[in-house]
Protein chains: 2
Amino acid sequence: MGLSTAYSPAGSGLVPAPLARAARRRSVQVRRPRLATVRCSVVDAAKQVQDGVATAVGGGAASGNECFGVFCNIYDLKAEDKTKSWKKLVTIAVSGAAGMISNHLLFKLASGEVFGQDQPIALKLLGSERSFQALEGVRMELEDSLYPLLREVSIGIGPYEVFQDVDWALLIGAKPRGPGMERAALLDINGQIFADQGKALNAVASRNVKVLVVGNPCNTNALICLKNTPNIPAKNFHALTRLDENRAKCQIALKAGVFYDKVSNVTIWGNHSTTQVPDFLNAKIDGRPVKEIIQDTKWLEEEFTMTVQKRGGVLIQKWGRSSAASTAVSIVDAIKSLVTPTPEGEWFSTGVYTTGNPYGIAEDIVFSMPCRSKGDGDYELATDVSMDDFLWERIKKSEAELLAEKKCVAHLTGEGDAFCDLPEDTMLPGEN
Amino acid sequence: MGLSTAYSPAGSGLVPAPLARAARRRSVQVRRPRLATVRCSVVDAAKQVQDGVATAVGGGAASGNECFGVFCNIYDLKAEDKTKSWKKLVTIAVSGAAGMISNHLLFKLASGEVFGQDQPIALKLLGSERSFQALEGVRMELEDSLYPLLREVSIGIGPYEVFQDVDWALLIGAKPRGPGMERAALLDINGQIFADQGKALNAVASRNVKVLVVGNPCNTNALICLKNTPNIPAKNFHALTRLDENRAKCQIALKAGVFYDKVSNVTIWGNHSTTQVPDFLNAKIDGRPVKEIIQDTKWLEEEFTMTVQKRGGVLIQKWGRSSAASTAVSIVDAIKSLVTPTPEGEWFSTGVYTTGNPYGIAEDIVFSMPCRSKGDGDYELATDVSMDDFLWERIKKSEAELLAEKKCVAHLTGEGDAFCDLPEDTMLPGEN
C-alpha cells in the first residue's frame, strides 16, 4: 500500500508548507532562474532521493528546486493496484507555458488524452520572470483538476533547469512581432531564443528528446534549434504545420460535402507561412483522389490554399485574438501521430529536417512533408507521393523562402555571417 | 457508404457557401435573436428534413436557423461501419459560450471525454449580440479541431431557439458584479437572466433536460431557474459545487501527504459562497476517516475551509483572472458523475433541490449535498452520512443564507414580493 509510506517520518508527515503560505512567500520578484517543483508519488524514487528532493521541504533553493509540502513524500506506484501497470513517467517541457495555447495544451497533456491512460506525466513549465506568478496559477489549476496521471509539475524560467532530462520539449513561447518590426528582425530575436533553448536541450535533455517548435517562424526556429543540439538527432525536431493540415482537411470536407473524417493524406508542404502548400493532388476523400470528387479546379488551385492561409486572420477578426484551443488540439494531434501507428496508407504533415529526402527538396532546411510513424515517437517520410508541375512549382517557392530565411540566421546556426534578403512578408495572418 | 449521398443533388453538390464568404456576410450587426447552424451528418435525418434544415442553405432566417454549405447535407451514420454502433445524438446547450470557461469546456465536450467515444455531440452555443462574432470564432475553431464526434454546432442569442430539444443545458453565462454593486442587486440582475432561461427551457427543451447552473450566485440562480420550469422535474437542476469539492480534496491530500486520488467522500454542503461547508467528518483517505489520519483539528476546523474558499482569490492574484480551465474540468467531473455509476461507497457533491432530503435541511432551496448516481443522469442522496454539532452548525448557517437569498428573489420565483436582508457579503473571491 502506498498509504503506509504516506505517513512515514521521512515524508515529514503532517507538517507540510500549506500551499497558500508557500504561494505568498514566493510572490516576491524573481531575480534568478529557478525551478519550483511539485512532486506527487514519483515513479523513480531512488533518483528522487539522490536529487535531494525528498528532504528539501521548503528549502530547495540551493539545488534550484523547490519542493511543496507533502508532495515531496515518496511512495511507490508499483505497489499500488491501480498504477502498477503504468508506463515509466514521461517528462514534458512546455515553453510559453503561461500563454493561451499552453493553457489549453497542459490540461490535455495532464488528462491522458495525448499519451494514454497508462502513462504518468511530469510537466515542466518554462516561463519568464514576468509570467512566473501566472505559472504558479496554472500549477494551482492543474492541482485542482485532480488528474490521476499528473505526477509532477515544476515551473521555472531557466531552460537549463527546466529541460533537465525531458523526453519532449514543446517550444511554444516566442516574441510577437512589434509594430513596424521587420520580419528579419523577428527572425533574429526569436532565433536567438531558439538557439539558446537548443544549447540547453543539448546540454541537459534526454538524448532522444523530441522537440516540437510552435513559436514562429517555426520552421527556421526549428532549424536554429537543431543546429545548436549536436548531441541530439536532427530527426527529432519538428515544426508545427498540423493546424494548417487540419484547416485544409476541414475546407476540403466543406467543399466536397463530406464530414471531415473522410478526408486523409492532406500534406502541408514547406514553410509555415503564406508560401505553404496545402496539397490537393495527393489528398483523398474516402480513399479516392480529391480531384476526382472536387472538379472545381479553380477552387482547388486558388481559393483552397488562400482560405487555409487566411483562416487564422479571419479568426482574429471574429475572436479578437489568435486561435489557441484549435492550435492546442493540433499540437495534440501532432504528438499523437508520432506515438501511435499511422493507419495503413495514410500520413500526416510535420516540418522536419530535409536530409536525405526522396522528393528532391533542398537539403539542410526544416520543411513540412508527409510522414508516417510506427508509433515509437519516430517517423519515416511517405513514399507513395505524386508530384505534378503545379505542386512542384509551389513547393520550390516555399523552399526558396526557407533557404533565404536560413541565410538570415546563419549567425545563429554556426554558418558564418547572416545575409538577409526576404523579398516579401509571408507571415501568416495573426502570427506576426 | 455515406459518401454516395454526400454528392447527391439534394445537398447542392459542389456549390456550398464557402465559410469565409458566409462569415463576411454575417458580420453585420445582429438585431434580432437568431440561430446559425452548422450541421454535419445528422443522426435523425427525418427530423432534420422536417425542420427544413436540409434545404435552408444560406436562407434559414425565416426559421431562425442558418445552414452552412455542405454541412447541410444529410447522410446516415447508421450506414457507416465506424459510426453505426454510436448512441443517439446528445444535444448540449452552453450559455456564456464565448467566455473563458466555455472555451475550455466546449472542446472537452466535443472530444468525447465527457460522454464517451460512442456518443455523437451537438453543441448549441448561447451568447449575446456583443459576443456573436466571438461565437463564430469558437465555431470555426471547433471545426478546425476535426473532432469525429462533433456533429452539429449552432450559435444563437435567443434561449428559446438555442434550448430547443436540448438534453443538457450548461448555464455558465452571468453578469459579473460591477463596482459598488450590492449583492442583492446582483441577485436580481442575474436572477432575471435565469428566470428567463428557465421559461425558455420549460417551453422548448427536452422534458428530461439536465440543467447545470454555473453562473453565480449559482444555488439561488438554479432555484430561480427550476421555479420557472414547471414542466421539468426540479430534481434535474444542479448548481456547480464540484470545483469546491476538487479543491477540498486537493487540500486534504496536501495536508495528509497522499496523492489526491486517495481522497474520497468529500462533501461540499450548502451554498457556493463563503458559507459553504467542506465536510472533513465524512471524508475518507484510502477508505479511512480523514480525522483518523489528519489529527491537526485546528487545521481541519479553521484553515482547511478557509483555504478552499480562498483558492479562487489566490488564483486571481497569481493569474490575473478567475480560474477557467479548472472550472471547466470540474464541470466535466460534475457531468461525468451523473452519467457514470458512482463507485461503491463513494459520492460526489452537487447543489440540488432539497425536497424530501433525509438530513433535515430546509426544504425548497438548492443546497449542495452528497449524491450518488447509477449513471443514468439521475442521482440519489447519499444515506451513509455522519453528522456532528460542528458540521451541523455550519450547515445551518449556509442554509440560513440560502433562505435569505430566496426571500431576495421571491419576485422571480412566483412567491410574492422580494424582501432582501443579506447581512454579510459572502461571495467567493473572484466570483463577484
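Residues numbered from 1 in each chain as written. Chains lettered and ligands numbered in written order. Predicted model: local features only at pLDDT ≥ 70, side-chain atom pairs only at ≥ 80, totals over all residues. Heavy atoms only, no water.

### Describing the UniProt feature "binding site: substrate" in chain A
Counted only if it meets this: UniProt positions are given in the numbering used here, feature names are shortened, and annotations may be inferred rather than shown by experiment. Think of it this way: any DSSP run of H or I at least four residues long counts as a helix, any run of E at least two long counts as a strand, and we number them from the N terminus. Buried means the residue's accessible area, taken with a 1.4 Å probe over protein chains only, is under 20% of the maximum for its type, while exposed means over 50%, and partly exposed covers the values in between. Contact definition: two residues touch when any of their heavy atoms are within 4.5 Å.
In this structure's numbering, the residues bearing the UniProt feature "binding site: substrate" are A:R177, A:R183, A:N216 and A:R247. These annotated residues cover 71 residues of sequence, and their C-alpha atoms sit far apart, with the largest distance between any two at 24.7 Å. Among the structural elements, A:N216 can be located in the loop between β7 (210-213) and α8 (218-227). What makes A:N216 buried here is its relative accessible area of 14%. Looking at where A:R247 falls in the secondary structure, it is placed in helix α9 (residues 242-256). A:R247 sits in the buried class, given a relative accessible area of 5%. Those residues in contact with A:R247 that lie beyond four places of it in its chain are A:V308, A:R311, A:G312, A:L315, A:S323 and B:D144.

### Describing the pattern of salt bridges
Condition: Within this document, salt bridges are pairs made up of a side-chain nitrogen of Lys or Arg and a carboxyl oxygen of Asp or Glu, the two lying within 4 Å of each other.
In the structure shown here, the tally under the stated rule is 46 salt bridges over all chains. A salt bridge links A:K227 to A:D364; the shortest N-O distance between them is 2.7 Å. Of the two residues, A:K227 is situated in helix α8 and A:D364 in the loop between β14 (348-353) and β15 (366-372); the sequence distance between them amounts to 137 residues. The class for A:K227 is partly exposed, based on a relative accessible area of 24%. A salt bridge links B:R288 to B:E292, with the nearest nitrogen and oxygen atoms 3.6 Å apart. Ionic contacts of the salt-bridge type, sharing partners, join the residues A:E80, A:K82, A:R151, B:D261 and B:K262 into one network.

### Comments concerning the sheet that holds strand β9 (residues 263-264) of chain A
Residues and elements named next belong to chain A. As a reminder of what qualifies: Note: two strands are recorded as paired if DSSP finds a minimum of 2 bridges between them.
Pairing in this open sheet of three strands is antiparallel, and the strands run β9-β12-β13 from one edge to the other. Each having just a single partner strand, β9 and β13 (288-289) make up the two edges of the open sheet. Alignment of β9 against strand β12 (residues 284-285), held across two bridges, turns out to be antiparallel. Within the sheet, the bridge partner assigned to S264 lies in β12 and is K284.

### A look at the state of the cysteines
Selection rule: Throughout, a disulfide means two cysteine sulfur atoms within 2.5 Å of one another.
All told, the structure shown has two disulfides over all chains when counted by the stated rule. Residue pairing for A:C408: its cysteine sulfur links by disulfide to A:C420, the two sulfurs lying 2.0 Å apart. Across the S-S bond linking A:C408 and A:C420, the dihedral sits near 85°, which makes this disulfide right-handed. Taken together, the residues span a long stretch of sequence, with A:C408 in helix α13 (residues 389-408) and A:C420 in the segment after α14 (410-413) at a distance of 12 residues. Classification of A:C420 as partly exposed rests on a relative accessible area of 36%. In this structure A:C218 is not part of a disulfide, and its nearest cysteine sulfur, from A:C225, lies 12 Å away. With relative accessibility at 1%, the residue A:C218 sits in the buried group. B:C218 supplies the cysteine sulfur nearest to B:C371, a cysteine that is in no disulfide, at a spacing of 14 Å.

### Considerations on the packing of helix α9 (residues 242-256) of chain B against helix α11 (residues 297-319) of chain B
Residues and elements named next belong to chain B. Our working rule: Inter-axis angles, ranging from 0 to 180 degrees, are taken between N-to-C directions of lines fitted to C-alpha atoms, where helices are fitted over the stretch in contact. For classification purposes, angles smaller than 35 degrees are called roughly parallel, those larger than 145 roughly antiparallel, those between 65 and 115 roughly perpendicular, and all remaining angles oblique. When the near helix sits turned anticlockwise from the far one by under a right angle, the crossing is termed left-handed; a clockwise turn instead gives a right-handed crossing. Only Asp, Glu, Lys and Arg are considered charged, only Ala, Val, Leu, Ile, Met, Phe, Trp, Tyr, Cys and Pro nonpolar, and every remaining residue, Gly among them, polar.
Remark: α9 packs on α11, axes separated minimally by 10 Å, with the N-to-C direction vectors making an angle of 125°. Comparing the axis directions of α9 and α11 gives the class oblique. Where α9 crosses over α11, the two elements pack in a sense that is right-handed. When α9 is examined against α11, the residues D244, R247, A248, Q251, I252 and K255 are found in contact with a partner set consisting of W299, F304, T307, V308, R311, G312 and L315. Split by residue class, the contact of α9 with α11 holds six nonpolar, three polar and four charged.

### Overview of the domain arrangement of chain A
Residue and element names in this part refer to chain A. In plain terms, the rule: Start and end points for every domain follow an automatic or database-based domain assignment. Defined in terms of a 1.4 Å probe, buried area is the accessible area two parts forfeit on being brought together, summed over both.
Per the domain assignment, the segments of chain A are domain 1 (82-239) and domain 2 (241-409). For domain 1 versus domain 2, the separation of C-alpha centres amounts to 23 Å. Each side of the interface is counted separately: domain 1 has 32 residues, and domain 2 has 35 residues. Taken together, both faces of the contact between domain 1 and domain 2 bury some 2800 Å²; the carbon and sulfur share is 69%. It is N219, K235 and H238 that lose the most area in domain 1 upon contact with domain 2, and together they represent 21% of the buried surface on that side. Taken together, domain 1 and domain 2 are joined by two salt bridges. Breaking the side of domain 1 that touches domain 2 down by element, the ones donating at least two residues are α4 (100-111), β6 (168-171), α7 (183-204), β7, α8 and β8 (237-239).

### A short note on the environment of A:D417
Residues and elements named next belong to chain A. Mapped onto the elements, D417 comes out in the segment after α14. Given the relative accessible area of 73%, D417 is considered exposed. Separated by 10 residues in the primary sequence, D417 and K407 have C-alpha atoms spaced 8.2 Å apart. Non-local contacts of D417, meaning those with residues more than four positions away in its chain, are made with K407 and A410.

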